[in-house]
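Spelled out from the first residue to the last, the chains are:
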Amino acid sequence: MRAQINHARRHATFNVAELRRQGYRQIGKGAFSRAFVHPDAPDVVIKVGKRYCPRIGLYDGFPHFASEILNKEIASKFYPKIYGFQWSPDKQHFWCVMKRYTKTRSRKDAYNIDATISTIAGRATYHSGKPTARFKRALYPFVDFRFVPDIHAGNVLHDDQGTPIIVDPICIKRGYDNAVYA
């Protein structure tokens, strides 16, 4: 695994075309970022993203989340393993090296995690899951007026043992990005 992590760190770049040129292929895409994997490092992902998405008017919360995990400010078995993170010089783009997790067809965990964060935040929103005490401790750091929960099936993957991994739990409201990233 160490060799795969080092491989990804050596090749990590903000340039998607350069990753493709180096043999990486895209395995996922969201509003803010794309995930890439290389045949020589199949258990590690390089996530390349941008800080702000004008289409949805929010800032990506993943850089904040990844930094807190790396700095050991938050920890949970439901969080991904992060091996490296870097901002671009202008702090508008980032790359992150993290463990690769799998998508499953079941949306149940994502629905239950979304219901749990809505319940502990005191929001009465419609959701199709049931609040679960199992996820409460992992979700408390994201109950904040500056954050918008981003829990859905694409952001809840699973590890080899079937444990749900919340890979990207929040977006950040406009106007609060500098307070969070400072």
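As a reminder, the structure under discussion sits directly above these lines.
Residues numbered from 1 in each chain as written. Predicted model: local features only at pLDDT ≥ 70, side-chain atom pairs only at ≥ 80, totals over all residues. Heavy atoms only, no water.

Participant: Describe helix α1 (residues 2–11), naming the residues involved and giving the relevant values.
Facilitator: Among the residues making up α1, those that are buried are Gln4, Ile5, His7 and Ala8. End-on, the buried residues of α1 take up no more than an arc of 160°, which puts them together on one face. Along α1, the residues that are exposed and aim more than 90 degrees away from the buried face are Arg2, Ala3 and Arg10. At its buried positions, α1 is contacted by β2 (33–38), β3 (41–50), β6 (82–87) and β7 (93–99). (Buried < 20%, exposed > 50% of the residue type's maximum accessible area, 1.4 Å probe, protein only. Helix = DSSP H or I, 4+ residues; strand = E, 2+ residues; numbered from the N terminus. Arc of directions from axis to C-beta. Contact = heavy atoms within 4.5 Å.)

Participant: Break down unusual backbone geometry for me, with residues and values.
Facilitator: Even without a glycine there, the phi angle at Lys72 is positive, about 60°. One can find Lys72 in the loop between α3 (62–70) and β6. The backbone phi angle of Lys91 is positive, close to 55°, even though this residue is not glycine. Here Lys91 lies in the loop between β6 and β7.

Participant: Could you give an account of the pattern of salt bridges, naming the residues involved and the relevant values?
Facilitator: Oppositely charged side chains may form a pair once their charged atoms are brought near each other. Under the criterion given, the structure shown has 4 salt bridges. Residues Arg21 and Glu18 are paired through a salt bridge, measuring 2.6 Å at the closest nitrogen-oxygen approach. With Arg21 and Glu18 both in helix α2 (residues 16–21) and 3 residues apart, the pair spans about one turn of that helix. Salt-bridge contacts for Lys47 lead to Asp168; the nearest nitrogen and oxygen are separated by 3.7 Å. (Salt bridge = Lys/Arg side-chain N within 4 Å of Asp/Glu carboxyl O.)

Participant: Explain the pairing of β2 to me, and be specific about the residues and the numbers.
Facilitator: In terms of burial, β2 is a largely internal element, 5 of the 6 residues being buried. Where strand β1 (residues 25–29) meets β2, 4 bridges bridge the pair, whose relative direction is antiparallel. Bridge assignment links Lys29 to a residue of β2, and that residue is Arg34. The sheet contact formed by β2 and β3 spans 5 bridges and is antiparallel. Residue pairing for β3: Phe36 is matched across the bridge by Ile46. In this structure, the hairpin formed by β2 and β3 is closed by a connection of 2 residues. (Pairing = 2+ DSSP bridges.)

Participant: Report on the environment of Ala35, specifying residues and quantitative values.
Facilitator: Along the chain, the position of Ala35 falls in strand β2. Along the backbone, Ala35 and His7 are 28 residues apart, and their C-alpha atoms lie at a distance of 15 Å. Contacts of Ala35, omitting those with residues within four sequence positions, involve Arg25, Gln26, Ile27, Gly28, Val45, Ile46 and Lys47.

Participant: I'd like to hear about the sheet that holds strand β5 (residues 58–60), residue by residue, with values.
Facilitator: Taken together, 4 strands build an open sheet; the order of strands is β4-β5-β11-β8 and the sheet is antiparallel. With one partner strand each, in any of the chains shown, β4 (52–53) and β8 (147–149) form the two edges of the open sheet. Pairing analysis gives 2 bridges linking β4 to β5, with the strands arranged antiparallel. Bridge assignment links Cys53 to a residue of β5, and that residue is Leu58. The strands touched by α3 are β5, β8 and β11 (170–173); relative to β11, the strand with the most contacts, the crossing angle is about 120°. (Axes fitted to C-alpha atoms, helices over the stretch in contact; angles between N-to-C directions.)

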